[in-house]
Amino acid sequence: MLSIAVFGSGRGSNFRAILDAIHAGNLPGVSIALVVSNNSDAGILSFARESGLPTLHCSQKQFADEAAFSRALLETLQAHGIKAIVLAGYMKKLPQALITAYRRRILNIHPALLPRFGGKGMYGIHVHEAVLAAGETESGATVHLVDEEYDHGEVILQRRVPVLPIDTPQTLAARVLEVEHQLYPEALRQVAGAWSFANSERNT
Ligand code: GRF
């Protein structure tokens, strides 16, 4: 079994899509062993609790410095047997120690066609505002591996949506989000096979 942790800061609709895919049998061998948020009021945490999943509210503000924060996070992840991390609307930069410990085992989803419209400041509605301001005729969603730079690691899967002349940032965001909910479980399924194989090799 590949135990994953999902990190989020907001409403958690991508987390729901992944959980639905697990319940539907579309992510064989994957289980969500922990849901982590920096925000105690996040919808993702309430939904995880309602679903009976272990949750953790953990923010750097609770610790003296980044080293103490990442030590505590890493210990909890290890205690839950976490083998990979899925970022689903997580608004904080992951501490370096986590990126190093889970190198090529952290996924993120971004609501645009990376490498365009990514990086610092490109989050939430700002992404769709920028796409419309640039006069794009297409946008989409990207699932990628996480490295030290924002929205930068290797792309795993991408899907396009049209940008319509009548779009507002909100209508475009809704169209992209619908695609995200299909794309994230698919991308996770794609990498989970490789991750599980690597784990079984490690344990033999
Ligand atoms: C999504 O649009 C995702 O691409 C971005 O943050 C948003 C999270 O939405 N990284 P939700 O919390 O999964 O509903």
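This write-up is about the structure you can find in this document. (Residues numbered from 1 in each chain as written. Predicted model: local features only at pLDDT ≥ 70, side-chain atom pairs only at ≥ 80, totals over all residues. Heavy atoms only, no water.)

The subject of this paragraph is the sheet that holds strand E6 (residues 138-145). Strand order in the open sheet formed by seven strands is E3-E2-E1-E4-E5-E6-E7, with mixed pairing between adjacent strands. Each edge of the sheet is formed by a strand with only one pairing partner; in this case those strands are strand E3 (55-57) and strand E7 (155-162). Mean inter-strand twist for the sheet, computed between neighbouring axes without regard to direction, equals 20 degrees. Taken together, the six bridges between strand E1 (residues 2-7) and strand E2 (residues 30-37) define a ladder with parallel strand orientation. What sits directly across from Ser3, in E2, is Ser31. Each of E1, E2, strand E4 (84-87) and strand E5 (106-110) touches helix H1 (residues 13-23); the most contacted strand, E2, lies at about 160 degrees to it. (Pairing = 2+ DSSP bridges. Helix = DSSP H or I, 4+ residues; strand = E, 2+ residues; numbered from the N terminus. Axes fitted to C-alpha atoms, helices over the stretch in contact; angles between N-to-C directions. Contact = heavy atoms within 4.5 Å.)

For E2, a buried count of seven out of eight residues is recorded, marking the element as mostly surrounded by other parts of the structure. Crossover handedness for the path E1 to H1 to E2: right-handed. Between E2 and its parallel partner E3, the chain crosses via helix H2 (residues 43-50), and the hand of that crossover is right-handed. (Buried < 20%, exposed > 50% of the residue type's maximum accessible area, 1.4 Å probe, protein only. Right-handed = clockwise from strand over helix to strand, strands pointing away.)

If you walk through the whole model with that rule in mind, you get three aromatic pairs. Summarising the aromatic geometry, the rings of Phe15 and Phe47 are spaced 5.7 Å apart at their centres and angled 75 degrees between planes, so their arrangement reads as edge-to-face. Here Phe15 is found in helix H1, whereas its partner Phe47 is found in helix H2, with 32 residues between them in sequence. A single burial state applies to Phe15 and to Phe47, both of which are buried. Ring plane angle 50 degrees and centroid distance 5.8 Å describe the contact between Phe63 and Phe69, whose orientation is recorded as tilted. For Phe69, a relative accessible area of 4% gives the class buried. One Lys or Arg, Arg16, reaches over the ring of Phe47 and ends 3.9 Å from the middle of that ring. The ring of Tyr150 carries Lys93 above its face, with NZ or CZ at 5.4 Å from the centroid. (Phe/Tyr/Trp six-rings, centres within 6.5 Å; stacked < 30°, edge-to-face > 60°. Lys NZ or Arg CZ within 6 Å of the ring centre and 35° of its normal.)

On to the nonpolar core, then. Residues Ile4, Phe15, Ile32, Leu107 and Leu188 are the most contacted members of the largest nonpolar core, which totals 45 residues. Sort the elements by how many residues they give to this core and helix H6 (residues 169-202) lands first, with 10 residues. Ala33, Ile85, Leu87 and Tyr102 belong to the second-largest nonpolar core, a separate cluster that totals 21 residues. (Core = buried A, V, L, I, M, F, W, Y, C linked by side-chain atoms within 4.5 Å.)

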